[in-house]
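# Report on the structure
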Amino acid sequence: MTYRALNDLLTAAKAYYQAKAELQTFVQWPSDLKSTHREPVWKPGCAHLQCDFPASSAGGVGTQLIDAIYPAEHMLEWRTTYTQAEVGADYLARSAWFELIGPNGHFHSDQCIAFIAYWGRGLTYPWHKHEAEEIYTIVAGEACLHVEGEADKTAKSGDCRLHLPWQPHALTTPDAPVATFCMWRGSGLNADPVVIANG
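Presented here is a report on the structure given in the accompanying data block.

Definitions and cut-offs
- Every chain is numbered independently, its residues counted from 1 as its sequence is written.
- The model is predicted, so local features are restricted to residues of pLDDT at least 70 and side-chain atom pairs to those at 80 or more, both for listing and for counting; the totals for chains, interfaces and linings are taken over all residues.
- For the side-chain quantities, the full set of heavy atoms in the structure was used; hydrogens and water were omitted.
- Think of it this way: any DSSP run of H or I at least four residues long counts as a helix, any run of E at least two long counts as a strand, and we number them from the N terminus.
- Expected helix span is taken as 1.5 Å per residue step, with the number of steps being one fewer than the number of residues.
- Categorising residues by exposure relies on relative accessible area from a 1.4 Å probe, with only protein chains included: less than 20% of the type maximum marks a residue as buried, more than 50% marks it as exposed, and the intermediate range marks it as partly exposed.
- We define a polar contact as two N or O atoms separated by no more than 3.5 Å, with the added condition that, inside protein, one atom must be a possible hydrogen donor and the other a possible acceptor, whereas residues neighbouring each other in sequence contribute only through side-chain atom pairs.
- Throughout, a contact is declared for two residues whenever any of their heavy atoms are within 4.5 Å.
- The criterion for an aromatic pair is that two Phe, Tyr or Trp rings (for Trp, the six-membered ring) have centres within 6.5 Å, with stacked assigned to planes under 30 degrees apart, edge-to-face to planes over 60 apart and tilted to the rest.
- Two strands qualify as a pair provided DSSP detects at least 2 bridges between them.
- A pocket, in this scheme, is an open set of points on a 1 Å grid over the protein atoms alone with protein on both sides within 12 Å along at least 5 of 7 lines, while a cavity is a set where a 1.4 Å probe fits but cannot get out; residues line either one if an atom lies within 4 Å of a point.
- Grid points are joined across faces, edges and corners, and a volume is the space filled by probe spheres set on the points.
- Every case where a carboxyl oxygen of Asp or Glu lies within 4 Å of a side-chain nitrogen of Lys or Arg is listed as a salt bridge.

A few words now on helix α4 (residues 61–72). The first and last C-alpha atoms of α4 sit 17 Å apart over 12 residues, in line with the 16 Å expected at 1.5 Å per residue. When α4 is considered as a whole, its buried residues turn out to be G62, L65, I66, A68, I69, Y70 and A72.

Pasting the structure below:
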């Protein structure tokens, strides 16, 4: 059951990838995938994800991807990355992410990272940067995406945004929660993002 749920989640992620030309242009679907054993980790934000995006029969690859999380959620290694001093207690309580594909993912790959992240309404993911190049896609909900040198963008389901290596960026969810499917490519796949003090 465990492996089937994780494999179904991977299948749903690939279907989402195949439906998004921007993702296919950004990076090839990895050819070196290998199932791994990651110890499950539960985070408080997981319960909020269920409340904000309940299972649905509405269809569409975004809905299918969200729905595929729930049968596997207790097997996933949910993460929050940052400390309370960096992001605050509320942020840690109402956000979470997991690496589906990557060097430390449920499916190992050295070619890229694919992860799913959730933020509840009214949160600020502070300015941060990382070496790997990144593409954000909004699976459900909406968020305001901030990128240094570019105009802020309110992104809704289906929208994408690119972050160049070491380019500072941030995210806020003033009016709605958001679930994203993100991919990394290039150098720095093993390195965590770094919060930038004071933006």
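With respect to the helices and strands, S95 occurs in strand β2 (residues 95–102). Within the structure, the side chain of S95 is placed 2.6 Å from the backbone oxygen of Y91, a separation counted as a polar contact. Apart from residues no more than four positions distant in its own chain, S95 is found in contact with G45, T80, Y118, W119 and L123.

On to the packing of aromatic side chains. Evaluated as defined, the whole model comprises 10 aromatic pairs. Note on W97 and F115: the rings are 5.4 Å apart at their centroids and 65° apart in plane angle, and the pair reads as edge-to-face. Here F115 lies in strand β4 (residues 113–119) and W97 lies in strand β2, a separation of 18 residues in the sequence. One exposure class covers both W97 and F115, and it is buried.

Bringing unusual backbone geometry into the picture now. For T81, which is not glycine, the phi torsion reads 70° and is therefore positive. Here T81 shows up in the loop between α4 and α5 (84–87). Despite not being glycine, W166 has its phi angle at roughly 65°, a positive value. Mapped onto the fold, W166 is located in the loop between β8 (160–163) and β9 (169–172). On the basis of relative accessibility, which here comes to 46%, the residue W166 falls in the partly exposed class.

The next subject is the pairing of β2. Counting buried positions over the eight residues of β2 gives eight, a clear majority of the element. Note that β2 and β4 share six bridges and pair antiparallel. Note that in β4 the partner of W97 across the bridge is A117.

Let's shift gears to the environment of Y17. Summarising the element assignment, Y17 is placed in helix α1 (residues 2–18). Measuring from C-alpha to C-alpha, the distance between Y17 and F115 comes to 12 Å, with 98 residues separating the pair along the chain. Residues in contact with Y17, not counting those within four places in the same chain, are L23, Q24, V27, Q28, W29 and M183. In terms of polar contacts, Y17 uses its side chain to reach the backbone carbonyl oxygen of V27, at 2.6 Å.

On to the layout of surface pockets, then. Taken as a whole, the largest pocket spans an internal volume of roughly 380 Å³. As for the largest pocket, its lining consists of 26 residues, of which T81, W97, W184, D192 and P193 are closest to the centre. Residue assignment for the lining of the largest pocket shows that the elements contributing at least two residues are β2, β4, β5 (124–129) and β6 (133–147). A per-element tally of the lining of the largest pocket places β4 first, with five residues.

With that settled, consider the pattern of salt bridges. In total, this model carries seven salt bridges according to the counting rule given. Close ionic contact of R79 with E99 constitutes a salt bridge, the shortest N to O distance being 3.3 Å. On the criterion of sequence distance, the pair formed by R79 in the loop between α4 and α5 and E99 in strand β2 is long-range, its members being 20 residues apart. Overall, R79 belongs to the buried group, its relative accessible area being 17%. Judged by relative accessible area, which is 4%, E99 ranks as buried. Of the charged contacts in the structure, one is a salt bridge between R161 and E150, with a shortest N-O distance of 2.9 Å. Note that R161 is positioned in strand β8 and E150 in the loop between β6 and β7 (153–156), a separation of 11 residues in sequence. R161 gets classed as buried once you look at its relative accessible area, which sits at 8%. In this structure, a network of salt bridges that share partners links the residues R38, E77, R79 and E99.

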